[in-house]
Amino acid sequence: KKMGKLVAVLILPLLLVTQLAAADQTMIVVIDADGAAGRVGAPVSVNVNLEKMLGNQAKSEQLQLVERSDAADRKGQPVPAQFVPQTKGSSKGELWWLMPPGPKGERRFRLTSEGQTTLAALRARFDKERKLVDVTEGTLPVLRYNHGTVPPPPEIVERFERGREHPLYYARGDYIHPLFGPNGEELTDDYSLDHPHHRGVFWAWPVLRWKGEVRDFWAIRVLATQPGGVWARPVAMRRVLAGPVLAVIDAENVWKWGDKDPIVREEVIIRAFGARDRCRFVDVEVRLTALTDEVSIGGRPPWGTGGFTMRTFPEFDQRNIDMHIDLPQTQPRRAWFHLTGNFPGGKGPAGVAMFEHVTNPSYPNYPNPQGLDGIPDKYPPWRSVVSGFPGAQEVALPKGKPLVMKHRLWIHPGASNKATLVDVWSAYASPPDVRIEE
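Quick caveat, the model's predicted, so the values are computed rather than measured. (Residues numbered from 1 in each chain as written. Predicted model: local features only at pLDDT ≥ 70, side-chain atom pairs only at ≥ 80, totals over all residues. Heavy atoms only, no water.)

(A) Highlighting the layout of surface pockets. Quantified by volume, the largest pocket comes out at close to 380 Å³. Around the largest pocket, the lining is made up of 18 residues, and of these Ser45, Trp96, Asp283, Arg408 and Tyr428 lie nearest the centre. Listing elements by their share of the lining of the largest pocket, those giving two or more residues are β2 (43-49), β6 (92-98), β18 (280-290), β26 (403-413) and α5 (418-429). Residue composition of the lining of the largest pocket, grouped by class: nine nonpolar, three polar and six charged. The volume enclosed by the second largest pocket comes to roughly 320 Å³. What lines the second largest pocket is a set of 15 residues, among which His195, His198, Trp218, Thr305 and Trp382 lie closest to the centre. Class assignment for the residues of the lining of the second largest pocket results in seven nonpolar, five polar and three charged. (1 Å grid on protein atoms, 1.4 Å probe; cavity = no way out; pocket = protein on both sides within 12 Å on 5 of 7 lines; lining within 4 Å. Points joined across faces, edges and corners; volume = space filled by probe spheres on them. Helix = DSSP H or I, 4+ residues; strand = E, 2+ residues; numbered from the N terminus. Nonpolar A, V, L, I, M, F, W, Y, C, P; charged D, E, K, R; others polar.)

(B) Main features of empty space enclosed by the protein. All chains considered together, the criterion is met by four cavities of 30 Å³ or more. One number sums up the size of the largest cavity: a volume of about 130 Å³. Arg172, Gly173, Arg199, Phe217 and Ala232 are, among the 14 residues lining the largest cavity, the residues nearest its centre. Every element with two or more residues in the lining of the largest cavity is listed here: β12 (201-204) and β15 (230-242). Per element, the largest residue contribution to the lining of the largest cavity is four residues, and it comes from β15. Of the residues in the lining of the largest cavity, the class split is eight nonpolar, two polar and four charged.

Structure representation (structure tokens):
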């Protein structure tokens, strides 16, 4: 027995030393081919087993990446990292960080949980009563996701509902508003008197067909003489978390025909990242799964309005929306929408660019300007920034087969330039290749 205890006493320190040695030798190798991710501080992630990499003594709130380089200007500079587990308590999940400045090509990092506890710069608060999530970073607001219903303000009720022979009902949920800029100014509009159905950052379609009947999921309004529209109703707030790198909102909704029959399950993941140089990335992933047959979605003919949309203020100083769509034969084919100007309440020019992922169906999508200004490469004089999927046509949602759409918003101070937008697009379309090397 004494010999067994002695062996155990000797083995335990040896195992601990072995774990630490393995952690020290485990490298995260990042191939930032053209250096775009490092130049704009783009989000990067890799699937890891945290316990395998750092041992069971690792503290997830103290994670940092340290670059292994001979260059004195980069050696030893810690980069905050954040672990997002697959399920609560799991050691398997995604490791996230913002790519630090550096050279293009291969870069090597060591993951450590040493040093001071990293304070969560980003915070996410779920209000269960109002069914909304507020994300903040320090003293600045970042965004609000309205999971539940947002009632119309008095001016909307007075103009469109009260005393009308056929009142229109505009209450809605399942959208982001406000989305905030570099100085805490609001970038999005909601319940505007000119288009009361427009709402912050949202995803909806003017043509939603089920069993041959079409209803307008975009405009929301429902005439009292009609059987009802289609409503996105909350099912579950599956996860809300925040840390030094990002805040995650994982929600589930269901589209109800006539606010009764469930026809589509909608899963939404919002990732709001910490700011670097006052620039911020916000990723939105929407997964639609039809729960019944004969469901399809489409844009409003002939312009193709619909899909992922950002409602902006109709007028403000220097307001401008640029649409960049490369010609079909261009490789790679870049596409984005860029809203800039002096937003109300801001402290100078700012902007927000909207990118859709290259894996989205029918990429690149964009509205049809014909009948408006007639210039194919110029964004129409609209009050919203619209990706336009699937245009003035319909796309079926086969029962049980998910349709996934990914979009990225890049928020920044100043006017920005095309070279930076190219880098932001590249970091999203072709993110760095990451591997774990032991």
